[in-house]
Amino acid sequence: MSLREHALSLFRGAVGTVRPAPMLKRALKLQGDGCPQLLVKGQAFPVKRDLYLVGFGKAVLGMAAAAEEILGDHLTRGIINVPLGIQESLQRAGMQEMLLKPHSKIQVIEGAKNNLPDTEALKGAAAIQELAEGLTADDLLLVLISGGGSALLPAPIPPMLLEEKEKLTKLLASQGAAIQELNIVRKTLSVLKGGGLAQLAHPARVVSLILSDVIGDPLDIIASGPTAASSHSVQDCLQILTKYNLLHNLPKSVETVLSSSPTKPTAPENYSHVSNIILGSNTLALEEAKHQAEGLGYAALVLSAAVHGEVGRVATLYCQLIQLLCLGFAGLGDGPLSDELRGNLLQLAAELQIPGLELDEFLQALRGLGPDRPVCILAGGETTVQLQGTGKGGRNQELALRVALGLHRAQACTGASSPQGRCEILFLSGGTDGQDGPTEAAGAFCSPGLVAEALQEGLDVEAFLRNNDSYTFFSHFQGGHHLLVTGLTGTNVMDIQAILIRAMERS
Ligand SMILES: Nc1ncnc2c1ncn2[C@@H]1O[C@H](COP(=O)(O)OP(=O)(O)OP(=O)(O)O)[C@@H](O)[C@H]1O
Ligand SMILES: O=C(O)[C@H](O)CO
């Protein structure tokens, strides 16, 4: 099999493991008929009286379909808020397992066009709020949460209007606020976010099943943590508004809400009726890819599930890693060039501040790999692209193209003796949701020869990159062969990267 086929199969395996149905079926069981209990990853929750379900997020329709199949007649009623048009597009894509059955007890509300809160999402949030407020101590509320949940559960604190809150979050996003900052502000201004839903559902037992789309899986940030104790206060919100110069331009209603917000977040002991359980994450997807890579004969290592930073810097990190691996294959893993690369990598990783990354240990483990086995390095996270041009692309395709350019330049420096010439190399970057930016592709593959081969086709990689036009490039180059096209996957645990390297077969 080619490296490309291997990479594709690893990507599909990784995504497959965090698809709603397999994920729910692995984690959730209902046991016993007389006094049924819900079992979630080994934790038992008795169903004393009624069992309700609510959910919000891009992957929640599939999660709800799988949950209803497991809960059967024990489910009393449910309400989910999902993206506008999702039922029709899943139907069209033939993804029946992600759709609710006819006569389902779960009401579906579609809204939040283009991932922005709207009146439909507002109605859905009000219905969820009403359901939660009516629960008793004998009821159990199952909450399904995934990325995109913030826009799908808008409940601005009065007198603030939806448009006012939306305008403020849009302003923050356009100024480059990170998702953590955005969601701290959203939590302060919302009835249901920042633990609000869990508090309204009290005294019912609340069990949240979460598919994480945020680096580090922070419970109080994913979908703005509607069932998680918030570690943030109104002070944090004010600091963020100050940082982005928005504090002195706030609508009156926002000022009113901010001035009457409690100065301290609700104490964690008020969440003893709540269990927040992460069911799927980038880490889980990478573990599955590692397992599959080992099955294919690779020595596989996971670099990190928290790779973030400006796409160009992250591309440099991957290029340097690839060069280091090549030197290892060439038997030069202990030479001065390798030492220099290791030094550069450590410096770059320190600059990128990737949480939890022990690069020193990782590089030691790389050194321990023999030159005989093919190597697979896996990583995940989310890069950022500062758009300069007007082209069409996504962060994964841009990353792959930048890695190709970096490898091309490195090869040009070392010439014919380049250690890259002695091994076969493939890099893949893809979004697990199957859509990279506003394009039809999930991501792209690249190898060191790409830039030179593109030139022969009259395609100038640097010019495409200057215009953030990676999708147009990959669509034209070799008839689109290097595009990763999966279609919408119905899940989302950020992006995945794979580096595959093996010694060149001697002819
Ligand atoms: N022409 C482009 N080239 C490179 N990146 C782009 C381009 N246009 C948009 N992007 C990037 O795509 C991202 C938005 O796309 P997308 O909706 O896939 O991301 P998202 O909102 O983070 O969604 P998700 O987390 O669900 O994948 C942004 O990070 C943006 O910078
Ligand atoms: O909905 C949101 O807030 C983002 O997708 C992060 O979870």
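Residues numbered from 1 in each chain as written. Chains lettered and ligands numbered in written order. Predicted model: local features only at pLDDT ≥ 70, side-chain atom pairs only at ≥ 80, totals over all residues. Heavy atoms only, no water.

Visitor: Which residues make up the site of ligand 2, and what values go with them?
Guide: In the region of ligand 2, the neighbouring residues are Gly147, Gly148, Gly149, Ser150, Ile179, Asn183, Arg186, Asp213, Val214, Ile222 and Ala223. A distance of 2.8 Å is found between an oxygen atom of ligand 2 and a backbone nitrogen or oxygen belonging to Gly148. Ser150 is positioned with one of its side-chain polar atoms (N or O) 2.5 Å from an oxygen atom of ligand 2. In isolation ligand 2 exposes 230 Å². Once the protein is present, 90% of that is buried. For the shell around ligand 2, the secondary-structure elements that each account for two or more residues are helix H6 (149-152) and helix H8 (179-188). (Near = heavy atom within 4 Å. Polar contact = N/O pair within 3.5 Å; in protein donor to acceptor, adjacent residues only side chain to side chain. Areas by Shrake-Rupley, 256 points an atom, 1.4 Å probe, with all protein chains shown as cover. Helix = DSSP H or I, 4+ residues; strand = E, 2+ residues; numbered from the N terminus.)

Visitor: Lay out the side chain of Thr188 in plain terms, naming residues and giving numbers.
Guide: Relative to the elements of secondary structure, Thr188 occurs in helix H8. A relative accessible area of 13% places Thr188 in the buried class. Within the structure, Thr188 has its side chain in polar contact with the backbone oxygen of Ile184 (distance 2.8 Å). Non-local contacts of Thr188, meaning those with residues more than four positions away in its chain, are made with Ile157, Val234, Cys237, Val257, Leu258 and Ser261. (Buried < 20%, exposed > 50% of the residue type's maximum accessible area, 1.4 Å probe, protein only. Contact = heavy atoms within 4.5 Å.)

Visitor: Requested: an account of the packing of aromatic side chains, with residues and values cited.
Guide: Within this structure, the stated rule accounts for four aromatic pairs. Through pairs of rings, three or more aromatic residues link up here, namely Phe464, Phe473, Phe474 and Phe477. Seen from the ring of Phe445, Arg4 lies directly overhead, with NZ or CZ sitting 4.5 Å from the centre. (Phe/Tyr/Trp six-rings, centres within 6.5 Å; stacked < 30°, edge-to-face > 60°. Lys NZ or Arg CZ within 6 Å of the ring centre and 35° of its normal.)

Visitor: Account for the packing of helix H2 (residues 20-27) against helix H3 (residues 60-71), naming residues and giving values.
Guide: Here H2 crosses H3 at 40 degrees, and the two axes come no closer than 8 Å. Compared by their axis directions, H2 and H3 come out oblique. Considering the relative orientation of H2 and H3, their crossing is right-handed. Counting all contacts with H2, which are made through Pro20, Ala21, Met23, Leu24 and Lys25, the residues of H3 involved are Gly62, Met63, Ala66, Ala67, Glu69 and Ile70. (Axes fitted to C-alpha atoms, helices over the stretch in contact; angles between N-to-C directions. Parallel < 35°, antiparallel > 145°, perpendicular 65-115°, else oblique. Left-handed = near helix turned anticlockwise from the far one by under 90°.)

Visitor: Describe in detail the nonpolar core, supporting the description with residues and values.
Guide: Formed by 62 residues in total, the largest nonpolar core has its most connected members in Leu24, Val40, Leu53, Ile80, Leu142, Leu144 and Leu209. Here this core gets eight residues from one element, more than from any other, and that element is H3. When we break this core down by domain, the ones giving at least three residues each are domain 1 (23-148 + 197-214 + 271-280) and domain 2 (283-503). Ranked by size, the runner-up nonpolar core spans 60 residues in total, among them Leu317, Leu407, Cys423 and Ala444. (Core = buried A, V, L, I, M, F, W, Y, C linked by side-chain atoms within 4.5 Å. Domains from an automatic or database assignment.)

Visitor: Give a detailed account of the sheet that holds strand E3 (residues 43-46), specifying residues and quantitative values.
Guide: Spatially, three strands are ordered E1-E2-E3 in an open sheet, and the strand pairing comes out antiparallel. Of all strands in the sheet, those with a lone pairing partner are strand E1 (28-31) and E3, marking the two edges. Averaged over neighbouring strand pairs, the angle between their axes works out to 25 degrees when direction is ignored. Taken together, the four bridges between strand E2 (residues 37-40) and E3 define a ladder with antiparallel strand orientation. Each residue of the ladder has a partner; that of Leu39, found in E3, is Ala44. Packed onto the sheet, H2 meets E1 and E2 and runs at close to 45 degrees relative to E1. Sheet contacts for H3: E1 and E2; angle to E1, the most-contacted strand, approximately 20 degrees. (Pairing = 2+ DSSP bridges.)

Visitor: Break down the pairing of strand E4 (residues 51-56) for me, with residues and values.
Guide: Burial within E4 is extensive, with six of its six residues counted as buried. Taken together, the six bridges between E4 and strand E5 (residues 75-83) define a ladder with parallel strand orientation. Among the inter-strand pairings, Gly55 is bridged to a residue of E5, identified as Ile80. Handedness of the crossover joining E4 and E5 through H3 is recorded here as right-handed. Relative to strand E7 (residues 140-145), E4 runs parallel, the two being bridged by six bridges. Across the sheet, the residue bridging to Val54 is Val143, located in E7. (Right-handed = clockwise from strand over helix to strand, strands pointing away.)

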